Amino acid sequence: LHKGIAGSALQVYEFAKPLLKPDYETRVTGHSLGGAAAAIVLMLLKEDGFKLGQAITFGQPKMPNREGARKYRALPLLRFVNVKDPVPLLPPFELFAVLDEGPFQHFGPEVVLEDGANYHYFSDHQAQRLSVLSFWNNLKNLSLQDVPEHFISTYLIRIRQNLPAAPPGP
């Protein structure tokens with residue numbers, strides 16, 4: 001795991017674990033660093049035998065290595081990615097590791113949200129292939145405050161655009 005993200009996740013887990021009931025279904029969610037921490041908390045919950053519900057993350061950076069991604073690929077994790085959000089591409093590929101997909105990877109199905117009411121569902125990580133240049137195109141924006149594609153509000157707008165219209169009232 002990415003050391004910094006693992007530390008954050010462990011703090012959350014240590015706080016939450018005594019409050020959880022093992023016979024209840026536990027669900028986690030998060031955005032950005034919180035999404036990666038939520039995925040790690042999901043791993044810890046599995047290892048401790050908790051019942052797992054659907055976990056959802058938004059704009060989550062990569063955090064397990066290849067072995068971790070393989071081990072936890074069956075967890076109930078669904079990741080939402082805005083097609084131009086650079087954060088899910090972090091840490092970026094190193095040039096020599098392109099064929100190996102780098103030291104950190106994603107696991108679980110992925111919904112890639114495009115502009116407007118368009119999205120793609122993939123059973124595994126595909127955003128890297130669809131928007132590999134977005135990281136480099138947004139590199140000039142060193143502050144995530146300058147990357148609106150990463151805002152949770154942008155994720156929510158795109159998801160709402162993809163919801164079916166409400167049926168007309170009586």
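Everything that follows concerns the structure shown earlier in this document.
To start, this report covers the structure provided alongside it. Source: prediction; values computed, not measured.

Rules and cut-offs
- Residues numbered from 1 in each chain as written.
- Predicted model: local features only at pLDDT ≥ 70, side-chain atom pairs only at ≥ 80, totals over all residues.
- Heavy atoms only, no water.
- Helix = DSSP H or I, 4+ residues; strand = E, 2+ residues; numbered from the N terminus.
- Buried < 20%, exposed > 50% of the residue type's maximum accessible area, 1.4 Å probe, protein only.
- Contact = heavy atoms within 4.5 Å.
- Areas by Shrake-Rupley, 256 points an atom, 1.4 Å probe, with all protein chains shown as cover.
- Salt bridge = Lys/Arg side-chain N within 4 Å of Asp/Glu carboxyl O.
- Core = buried A, V, L, I, M, F, W, Y, C linked by side-chain atoms within 4.5 Å.

**Let's talk about the overall build of the chain**
Phase 1 of the analysis: If you tally the helices and strands in the chain, you get six helices and seven strands.
Phase 2 of the analysis: Element order for the chain, N to C, with α for helix and β for strand: α-β-β-α-β-β-α-β-β-β-α-α-α.
Phase 3 of the analysis: Considering the chain as a whole, with its 170 residues, one finds that 41% of them fall into the buried category.
Phase 4 of the analysis: Contacts in the chain between residues at least 24 apart in sequence constitute 73% of all its contacts with a sequence separation of at least 6.
Phase 5 of the analysis: Of the roughly 9,800 Å² of accessible surface on the chain, a fraction of 61% belongs to carbon and sulfur atoms.

**Description of the pattern of salt bridges**
A side chain with one charge can pair with a side chain of the opposite charge if their charged atoms come near.
Phase 1 of the analysis: Taken as a whole and assessed by the stated rule, the structure comprises five salt bridges.
Phase 2 of the analysis: Among the ionic pairs, Glu 25 bridges to Arg 27, the shortest N-O distance being 2.8 Å.
Phase 3 of the analysis: We classify Glu 25 as partly exposed; its relative accessible area is 44%.
Phase 4 of the analysis: Linking Glu 47 and Lys 71 is a salt bridge whose minimum nitrogen-to-oxygen distance equals 3.7 Å.

**What about the nonpolar core?**
Phase 1 of the analysis: By size, the foremost hydrophobic cluster in this structure holds 21 residues, and its most contacted members are Val 28, Met 63 and Phe 107.
Phase 2 of the analysis: Counting only elements with at least two residues in this core, the list comes to helix H1 (3-16) and helix H2 (33-47).
Phase 3 of the analysis: Among the elements that line this core, the one with the most residues is H2, at nine residues.
Phase 4 of the analysis: Discounting residues that sit within four places of it in the chain, Val 28 has contacts with Ala 38, Val 41, Leu 42, Leu 45, Gln 54, Ala 55 and Ile 56.
Phase 5 of the analysis: With six residues, the next largest nonpolar core counts Phe 58, Leu 78, Leu 113 and Tyr 155 among its residues.

The quantities given are spatial measurements derived from coordinates; they are silent on function.
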